[in-house]
Amino acid sequence: MSSAEDNKDIGDVNDIDGLAGEYVLGTLSATGRAAVEVRMRSEPALREAVRAWEARLQPLTALAEPSEPSPWLWRRIERSVDGLGKASKAQAAGVADWWNNLKLWRGLAAGGFATAALLLAVVVTRVAAPPATQYMVVLVAPENKSPGWVIQANSSRQLNLVPLGTFEVPPQKTLQFWTKADQWRGPVSLGLVKQQGQTLRIPIDKLPPLEPNQLFELTLEPENGSPLDRPTGPIQFIGRAVKVM
Amino acid sequence: MACARGDRTALQQLYQRESRYLMGVAMRIVRQRPQAEDVLHDAFISIWQRAESFNPALGEGRGWVYSVVRHAALNMVRNGARQVSLDEDAAVAVDDQASLAAYAEAGDPFELRADLGRLHGCLSGLEPARRDCILYAYVEGCSHGEIAERLQTPLGTVKAWIQRGMRALRECMG
């Protein structure tokens, strides 16, 4: 789907109710859906409109014929829930250097959504991170939530964009890195990701200090970056800053 | 909801009570059984983890669980696997009324049931074509393009039908 299409999906920011309706109905593109999910976290009006549409349309779920899942699905869910319990116990036992353990993050990228959600939950609720680390962001692909990059910010002067795997960039295209805090009027470019597979160190001393919930995203742009002062291409990875101090 | 207290038995009871209905919802959207089971798996993990932040004051727990499953299924199909591309320019020049008339002759693929409550009355009040667009989207997880293909109707028309249909539903249901 083209980026023009995506932008149209999420273009009219004032039509909260229309956007919420199409989100619940399911007709938005992957990018449109991710944008709504991100906006819902900071926009109570959108959250409320989505909730109201969920309630209006929910009786329609009765139109789907019931279908018995295979008998081993519950065992699989149970095993995953057990795994979650163990992981949080290990965290509580004082594992402090998970932060710098890229093997863990790479495993996460392979493990997919369930483990990613687990780690995020752990990060938010119970981790004692190394004292120097203030914020972290996991950038996930909007369509399947698989983590692709981790951002570490150890000071207000620099942040590191760490790839968890390789990402295929089409010819004549490049990834551009953006950030926007809730109160900013527009996104700010943090530069282009030219070297694949390497940690990118980005000075941020000209930016205001990082904020909780600050948005970061990587979009697919023309080779020399977006011609405008905002993203023009589709979002490839997106995430928000979580304070871990 | 009991699993808000981290109660594993409650999660299992929820699974035993709802999984065949949830599986039905996921199957209609993702179409394939293994993918539908992946959706249920991820949704139940998500339910287990998010139950703490779940607020019963905002609605029924059962409805929330269905939303989690639907959105997990929709996120899965929107990653491009099932998308069709249509020439959007060709879609715009359309006679809306002619399309509606042609559609009315083709018959009605969804049988509405009386147990939909108020929604039934409001859906019945819609033009059949607009109603079916909404049902194809909600029940089958169809994108605008897929609905246009199924109904042999231009994309622009389908988008307009859905917008008007949703506005009418909103007015009818409050």
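Note: the structure precedes this text.
Calculation rules
- Residues numbered from 1 in each chain as written.
- Chains lettered and ligands numbered in written order.
- Predicted model: local features only at pLDDT ≥ 70, side-chain atom pairs only at ≥ 80, totals over all residues.
- Heavy atoms only, no water.
- Axes fitted to C-alpha atoms, helices over the stretch in contact; angles between N-to-C directions.
- Helix = DSSP H or I, 4+ residues; strand = E, 2+ residues; numbered from the N terminus.
- Parallel < 35°, antiparallel > 145°, perpendicular 65-115°, else oblique.
- Contact = heavy atoms within 4.5 Å.
- Nonpolar A, V, L, I, M, F, W, Y, C, P; charged D, E, K, R; others polar.
- Buried area = accessible area lost by both parts, 1.4 Å probe.
- Salt bridge = Lys/Arg side-chain N within 4 Å of Asp/Glu carboxyl O.
- Polar contact = N/O pair within 3.5 Å; in protein donor to acceptor, adjacent residues only side chain to side chain.
- Core = buried A, V, L, I, M, F, W, Y, C linked by side-chain atoms within 4.5 Å.
- Buried < 20%, exposed > 50% of the residue type's maximum accessible area, 1.4 Å probe, protein only.
- Disulfide = S-S within 2.5 Å.

## A short note on the packing of helix H2 (residues 16-25) of chain A against helix H9 (residues 155-173) of chain B
Next up, step 1: Relative orientation of the contacting elements H2 of chain A and H9 of chain B amounts to 105°, with a least axis distance of 11 Å. By the angle class used here, H2 of chain A and H9 of chain B are roughly perpendicular. Contact with H2 of chain A, carried on its side by Asp17, Gly21, Glu22 and Leu25 of chain A, involves Ile162, Gln163, Met166 and Arg170 of chain B of H9 of chain B and no other residues of that element.
Next up, step 2: Split by residue class, the contact of H2 of chain A with H9 of chain B holds 3 nonpolar, 2 polar and 3 charged.

## Some words on the interface of chain B and chain A
You'll often see interface size given as the accessible area lost when the parts meet.
Next up, step 1: Facing the 56 residues of chain B at the interface are 50 residues of chain A.
Next up, step 2: Between chain B and chain A lies a buried interface of about 5,200 Å² when both sides are counted; carbon and sulfur atoms form 58% of it.
Next up, step 3: Where chain B meets chain A, there are 4 salt bridges.
Next up, step 4: Asp38 of chain B is paired through a salt bridge with Arg76 of chain A; the nearest N and O atoms lie 2.8 Å apart.
Next up, step 5: For the interface between chain B and chain A, the tally reads 20 residue pairs in polar contact (both at pLDDT 80 or more).
Next up, step 6: Contributions of two or more residues to the side of chain B that touches chain A are made by helix H1 (8-30), helix H2 (33-50), helix H3 (61-77), helix H6 (118-124), helix H7 (128-140) and H9 of chain B.
Next up, step 7: Broken down by element, the residue count for the side of chain B that touches chain A peaks at 12 residues, all from H1 of chain B.
Next up, step 8: The class makeup of the residues in the side of chain B that touches chain A is 26 nonpolar, 15 polar and 15 charged.

## Quick notes on the nonpolar core
Next up, step 1: In terms of nonpolar packing, the biggest core is built from 39 residues, with Leu25, Leu57 and Leu60 of chain A together with Leu119, Leu123, Ile147 and Leu169 of chain B touching the most fellow members.
Next up, step 2: Contributing elements (two or more residues each) for this core: H2, helix H3 (30-42) and helix H4 (44-57) of chain A together with H6, H7, helix H8 (144-151) and H9 of chain B.
Next up, step 3: Counting residues per element, this core draws most heavily on H7 of chain B, at 8 residues.
Next up, step 4: Excluding residues within four positions of it along the chain, Leu57 of chain A makes contact with Val24 and Leu25 of chain A together with Leu119, Tyr138, Met166 and Leu169 of chain B.
Next up, step 5: Grouped together as the second largest cluster of nonpolar side chains are 31 residues, Met23, Ala26, Val30 and Leu40 of chain B included.

## Description of unusual backbone geometry
All names here are of chain B.
Next up, step 1: Positive phi outside glycine occurs at Arg31, with the angle close to 75°.
Next up, step 2: Considering the arrangement of structural elements, one finds Arg31 in the loop between H1 and H2.
Next up, step 3: Overall, Arg31 belongs to the partly exposed group, its relative accessible area being 33%.
Next up, step 4: Phi at Gln152 takes a positive value of approximately 50°, unusual for a residue other than glycine.
Next up, step 5: Mapped onto the fold, Gln152 is located in the loop between H8 and H9.
Next up, step 6: Exposure remark for Gln152: the relative accessible area of 69% places this residue in the exposed category.

## Considering the state of the cysteines
Residues and elements named next belong to chain B.
Next up, step 1: Using the criterion set out here, one finds 1 disulfide over all chains in the structure.
Next up, step 2: Here Cys122 engages in a disulfide with Cys172; their sulfurs sit 2.0 Å apart. Disulfide Cys122 to Cys172: torsion about the S-S bond roughly -80°, handedness left-handed. One end of the pair, Cys122, is in helix H6; the other, Cys172, is in helix H9, and 50 residues separate them in sequence.
Next up, step 3: On the basis of relative accessibility, which here comes to 5%, the residue Cys122 falls in the buried class.
Next up, step 4: Using a relative accessible area of 39% as the deciding quantity, one classes Cys172 as partly exposed.
Next up, step 5: We note that Cys133 lacks a disulfide partner, and the nearest cysteine sulfur, in Cys142, lies 9.8 Å from it.
Next up, step 6: Judged by relative accessible area, Cys142 falls into the buried class, the value being 0%.

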